[in-house]
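These are the residues of each chain, in order.
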Amino acid sequence: MTTISAAEVRTDVEYSQAEGMSLRLDASIPEGTGTFPAAIIVHGGGWVRGDKRIDVAPLFKPISDAGIAWFSINYRLATDPLHFGVAVNDVEEAIRFVKAHADEYRIDPARIALIGESAGGQLAGMAALNNTPGTSVKGVVAIYSPTDLVALLKSSDLIPAQIRNSLQGTPFEGLLIGRLAQLSPIEKVRAGMPPFLMIHGTADPLVPLAQSIAMCNRMQSVGAPCELFRVPGGGHGLRRWEFEPAIAQPYKREMIRWLQDQLAFNPVRAL
């Protein structure tokens, strides 16, 4: 059993196993007795690379400073095209793990949000929208997230070349299109879904801002809450944003404001 002391950070905690692989997370719990709201962070990397400590490091301090516990996860990478999409299950397992260990980590299992950047935003969005038992969350922060993979297949290099090229021009290309549609959060939009905050740079060369605009429009059309925060001049990558305080500071303030609102303790809402 993992023991968490006040303000302690634990690294490489196994939250699940899949196909013989140990899936691990890092955890940071605020000082105090709790119970704290929590965020599960999903890194990006085009589904084929990335790391729970490096890619999303700019998020750790503002979330901790806000008194929110965080859990940053690794997941199965799609180095084999046949594995594309399985990481959604890993995010779902991470949600179940955090909820099952809520007392141990001094967090409120009813006040959990997902935060994903780039490909991690797609994984977080799918995990929140699949409606799988034990995976309900209070909201999703999707940072320059691909929400329509079919559109991206034609317009962006974010879809790994090996996935695109392996089936292009073959009889199986239609199957690929169908699979990408199944993994597109925009196709899962429904009334009653969790609120989303979309954060997107206006100069993103990999995932067009139009992806987040379309997601918010689709959500609002069914009465689902969605906010879009544009980052003027922002490209693709949180660590790149860190070099420009005028870019990095406003989105962090907006993210924390939104998380505090969605994760606020509300005894009436919790009934």
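Residues numbered from 1 in each chain as written. Predicted model: local features only at pLDDT ≥ 70, side-chain atom pairs only at ≥ 80, totals over all residues. Heavy atoms only, no water.

As for the environment of Ala 94
The topology assignment puts Ala 94 in helix 2 (residues 87–100). In this structure the C-alpha to C-alpha distance between Ala 94 and Ile 73, which are 21 residues apart in sequence, comes to 7.5 Å. Once residues within four sequence positions are removed from consideration, Ala 94 is found in contact with Tyr 15, Ile 40 and Ile 73. (Helix = DSSP H or I, 4+ residues; strand = E, 2+ residues; numbered from the N terminus. Contact = heavy atoms within 4.5 Å.)

Notes on the pattern of salt bridges
A full pass over the atoms with the stated rule returns 13 salt bridges. Among the salt bridges present, the one from Glu 254 reaches Arg 257, with a minimum N-O distance of 2.6 Å. In this pair, Glu 254 and Arg 257 are both assigned in helix 10 (residues 245–262), three residues apart and thus about one turn of the helix distant. Judged by relative accessible area, which is 16%, Glu 254 ranks as buried. Taken together, the salt bridges that share partners define one network made up of Asp 12, Asp 26, Lys 52 and Arg 53. (Salt bridge = Lys/Arg side-chain N within 4 Å of Asp/Glu carboxyl O. Buried < 20%, exposed > 50% of the residue type's maximum accessible area, 1.4 Å probe, protein only.)

Examining the sheet that holds strand 2 (residues 21–28)
One open sheet holds the eight strands; their spatial order is 1-2-4-3-5-6-7-8, and the pairing between them is mixed. Here the strands that pair on one side only, and so sit at the sheet edges, are strand 1 (9–18) and strand 8 (226–231). When the angles between neighbouring strand axes are averaged without regard to direction, this sheet yields 20 degrees. For strand 1 and strand 2, the ladder comprises seven bridges, and the chain directions are antiparallel. Bridged to Val 9 within strand 2 is Ser 28. The strands touched by helix 4 (residues 119–129) within the sheet are strand 3 (36–42), strand 5 (107–117), strand 6 (139–143) and strand 7 (196–201), with strand 5 carrying the most contacts at an inclination of about 140 degrees. In the packing of helix 8 (residues 209–221) onto the sheet, contacts are made with strand 7 and strand 8, and the angle to strand 8 comes to roughly 160 degrees. (Pairing = 2+ DSSP bridges. Axes fitted to C-alpha atoms, helices over the stretch in contact; angles between N-to-C directions.)

Remarks on the nonpolar core
In terms of nonpolar packing, the biggest core is built from 56 residues, with Ile 40, Phe 71, Ile 107, Leu 114, Phe 196 and Met 215 touching the most fellow members. Not counting residues up to four positions away in its chain, the partners in contact with Ile 107 are Ile 29, Thr 35, Phe 36, Ala 38, Ala 69, Phe 71, Val 98, Ala 102 and Ile 112. Formed by 26 residues, the second largest nonpolar core is a distinct cluster that contains Ile 41, Ala 113, Leu 238 and Ile 247. (Core = buried A, V, L, I, M, F, W, Y, C linked by side-chain atoms within 4.5 Å.)

Thoughts on the side chain of Asp 55
Positionally, Asp 55 belongs in the loop between strand 3 and helix 1 (57–65). Put simply, Asp 55 is tucked away with no salt bridge, and the nearest opposite charge, on Arg 239, sits 4.1 Å away. Side-chain polar atoms of Asp 55 contact the backbone nitrogen of Asp 51, separated by 2.6 Å. (Lys, Arg positive; Asp, Glu negative; His and termini not counted. Polar contact = N/O pair within 3.5 Å; in protein donor to acceptor, adjacent residues only side chain to side chain.)

Some points on the packing of aromatic side chains
Under the definition given, this model contains six aromatic pairs. Centroid distance Trp 47 to Phe 84: 5.1 Å. Interplanar angle 85 degrees. Geometry classified as edge-to-face. Within this pair, whereas Trp 47 is found in the loop between strand 3 and helix 1, its partner Phe 84 is found in the loop between strand 4 (69–73) and helix 2, the two being separated by 37 residues in sequence. Looking at Trp 47, the relative accessible area reads 3%, which means it is buried. Assessed through its relative accessible area of 6%, Phe 84 is described here as buried. Aromatic side chains Phe 71 and Tyr 105 sit 5.2 Å apart centroid to centroid with 80 degrees between the ring planes, which places their arrangement in the edge-to-face category. One end of the pair, Phe 71, is in strand 4; the other, Tyr 105, is in helix 3 (residues 102–105), with 34 residues separating them in the sequence. (Phe/Tyr/Trp six-rings, centres within 6.5 Å; stacked < 30°, edge-to-face > 60°.)

Describing the packing of helix 1 against helix 10
Relative to each other, helix 1 and helix 10 sit at 50 degrees, their axes nearing to 10 Å. With respect to each other, helix 1 and helix 10 are oriented oblique. Relative to helix 10, the crossing made by helix 1 is right-handed. Two secondary-structure elements touch here, helix 1 through Pro 58, Leu 59, Pro 62 and Ile 63 and helix 10 through Tyr 251, Lys 252, Met 255 and Ile 256. Residue composition of the contact of helix 1 with helix 10, grouped by class: seven nonpolar, no polar and one charged. (Parallel < 35°, antiparallel > 145°, perpendicular 65-115°, else oblique. Left-handed = near helix turned anticlockwise from the far one by under 90°. Nonpolar A, V, L, I, M, F, W, Y, C, P; charged D, E, K, R; others polar.)

Some details on the state of the cysteines
Note: disulfide means a covalent bond formed between the sulfur atoms of two cysteine side chains. Going through the model one piece at a time under the given rule, you end up with one disulfide. Across a sulfur-sulfur distance of 2.0 Å, Cys 216 and Cys 226 are joined as a disulfide pair. For the disulfide bridge between Cys 216 and Cys 226, the dihedral angle about the S-S bond is near -75 degrees, and by the sign convention the bridge is left-handed. Here Cys 216, found in helix 8, pairs with Cys 226, found in strand 8; they are 10 residues apart in sequence, far enough to count as distant. Across this residue pair, the class does not change: Cys 216 and Cys 226 are buried. (Disulfide = S-S within 2.5 Å.)

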